[in-house]
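One-letter residues, chain by chain:
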Amino acid sequence: MNHIACISVPLWQGAEKYGMNLAPGTLYNIGLQGVLESQFEVTQHSMPELGTFDAENKYAVLADYLTLLKKQVLQAYKKGHFPLTIGGDHSLGLGSAAATAETFKNTGLIWFDAHGDMNTEATSDTGHIHGMPVAALMGLCSSELNTVPEVYIKPENIFWIGSRSIDTGEQRLIDEKHLHIYSAKLVQTKGMAWVMQNIIHQMHEQGIAHIHLSIDVDAIDPKLFPATSVPEPNGLTFEDFNIFVQSLRQIQHQIAAIDWVEYNPTLDNEQHECGKWCVGAIDKLLKTVLE
């Protein structure tokens, strides 16, 4: 039986929007714990809540916190466990994916998200750190965020799916480095199956054998999934997500870790419909990559 290290990360400060920190506990309470423990051996780890801090040192504080998360994921790898990181905002992807890059050579990263999350401190309009993790993973930031990874991920090894809100500085980076962007519009035009075949082909050509999968629920259209703090219209459908998961069967043994981020229970309804969809979606992912 596969052993999962389920790491809860009650972090909202990277997005500066309260509520995402409640997601790990909520998901566990509405069914995730049962889903995991019925199929896998599970070790639970919980990162501490991050207290208040001065805006002047936010990069240093978040970098320290994400370095601690990185160490948790590295420990999971050393024990032969599969890291499942439940957030929390998407800045946590800097810590978790940094651990994957340090564990496996030539790591690939699939960033399933409405946003690019590749702003630097200089290009960000908001200064929100959850918009910077991919830039730091590529070694492009100028603050302490750049110190979290000891091994940077090659820009050509990163694949964005579902993006539809790209800032000006991010677009310059995309054009400069010829990044692999599979926008929500492209998915709607070509289909998710085509997108995934293209990504799988590119990964094979680049010799990528280990993939970190980072899922932000805001990739889904907010009309279908309103319980997220930074909604963007014209997103992906639940069926797109299902096809995405089905396509992962072709590379199932290459998936090294999964992040699940940015569900905000305070924006869900009383029945926790969005949360219950998250539980079912995580269940599908794990059955696909760990069967």
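See above for the structure.
Residues numbered from 1 in each chain as written. Predicted model: local features only at pLDDT ≥ 70, side-chain atom pairs only at ≥ 80, totals over all residues. Heavy atoms only, no water.

Caption draft 1: Representation of the overall build of the chain in the model. Within the chain one finds nine helices and eight strands. Its C-alpha atoms give the chain a radius of gyration of 17 Å, within 12% of the compact-globule value 19 Å for 291 residues. Considering only C-alpha atoms, the chain reaches an extent of 45 × 45 × 40 Å along its principal axes. Looking at the 291 residues of the chain, the share that counts as buried comes to 59%. Positive and negative side-chain charges in the chain, numbering 18 and 34 respectively, have mean positions lying 6 Å apart. (Helix = DSSP H or I, 4+ residues; strand = E, 2+ residues; numbered from the N terminus. Rg over C-alpha atoms; globule rule 2.2 N^0.38 Å. Buried < 20%, exposed > 50% of the residue type's maximum accessible area, 1.4 Å probe, protein only. Lys, Arg positive; Asp, Glu negative; His and termini not counted. Charge placed at Lys NZ, Arg CZ, Asp CG, Glu CD.)

Caption draft 2: Molecular detail of the packing of aromatic side chains. All chains considered together, the criterion is met by 11 aromatic pairs. A ring pair is formed by F241 and W277, whose centres lie 5.2 Å apart and whose planes are at 65 degrees; its orientation type is edge-to-face. Taken together, the residues F241 in helix α8 (residues 238–247) and W277 in helix α9 (residues 273–290) connect sequence positions 36 residues apart. By relative accessible area, F241 is classed as buried at 1%. Judged by its relative accessible area of 18%, W277 falls in the buried class. (Phe/Tyr/Trp six-rings, centres within 6.5 Å; stacked < 30°, edge-to-face > 60°.)

Caption draft 3: Examining the pattern of salt bridges more closely. Taken as a whole and assessed by the stated rule, the structure comprises five salt bridges. Across the pair E16 and K58 runs a salt bridge whose closest N-O atoms are separated by 3.4 Å. Here E16, found in the loop between β1 (3–9) and α1 (23–39), pairs with K58, found in helix α2 (residues 58–78); they are 42 residues apart in sequence, far enough to count as distant. A salt bridge links R249 to E291, with the shortest nitrogen-to-oxygen separation between them at 2.6 Å. Here R249 is found in the loop between α8 and β8 (255–261), whereas its partner E291 is found in the segment after α9, with 42 residues between them in sequence. Salt bridges linked by common partners bring K70, E102 and E150 together as one network. (Salt bridge = Lys/Arg side-chain N within 4 Å of Asp/Glu carboxyl O.)

Caption draft 4: View of the packing of α8 against α9. Contact geometry for α8 and α9: axes closest at 10 Å, N-to-C directions at 20 degrees. Considered as vectors, α8 and α9 are oriented roughly parallel to each other. Where α8 crosses over α9, the handedness of that crossing is right-handed. Note on element contacts: α9 touches α8 through W277, A281, K284, L285 and T288, opposite F238, F241, N242 and V245. Residue composition of the contact of α8 with α9, by class: six nonpolar, two polar and one charged. (Axes fitted to C-alpha atoms, helices over the stretch in contact; angles between N-to-C directions. Parallel < 35°, antiparallel > 145°, perpendicular 65-115°, else oblique. Left-handed = near helix turned anticlockwise from the far one by under 90°. Contact = heavy atoms within 4.5 Å. Nonpolar A, V, L, I, M, F, W, Y, C, P; charged D, E, K, R; others polar.)

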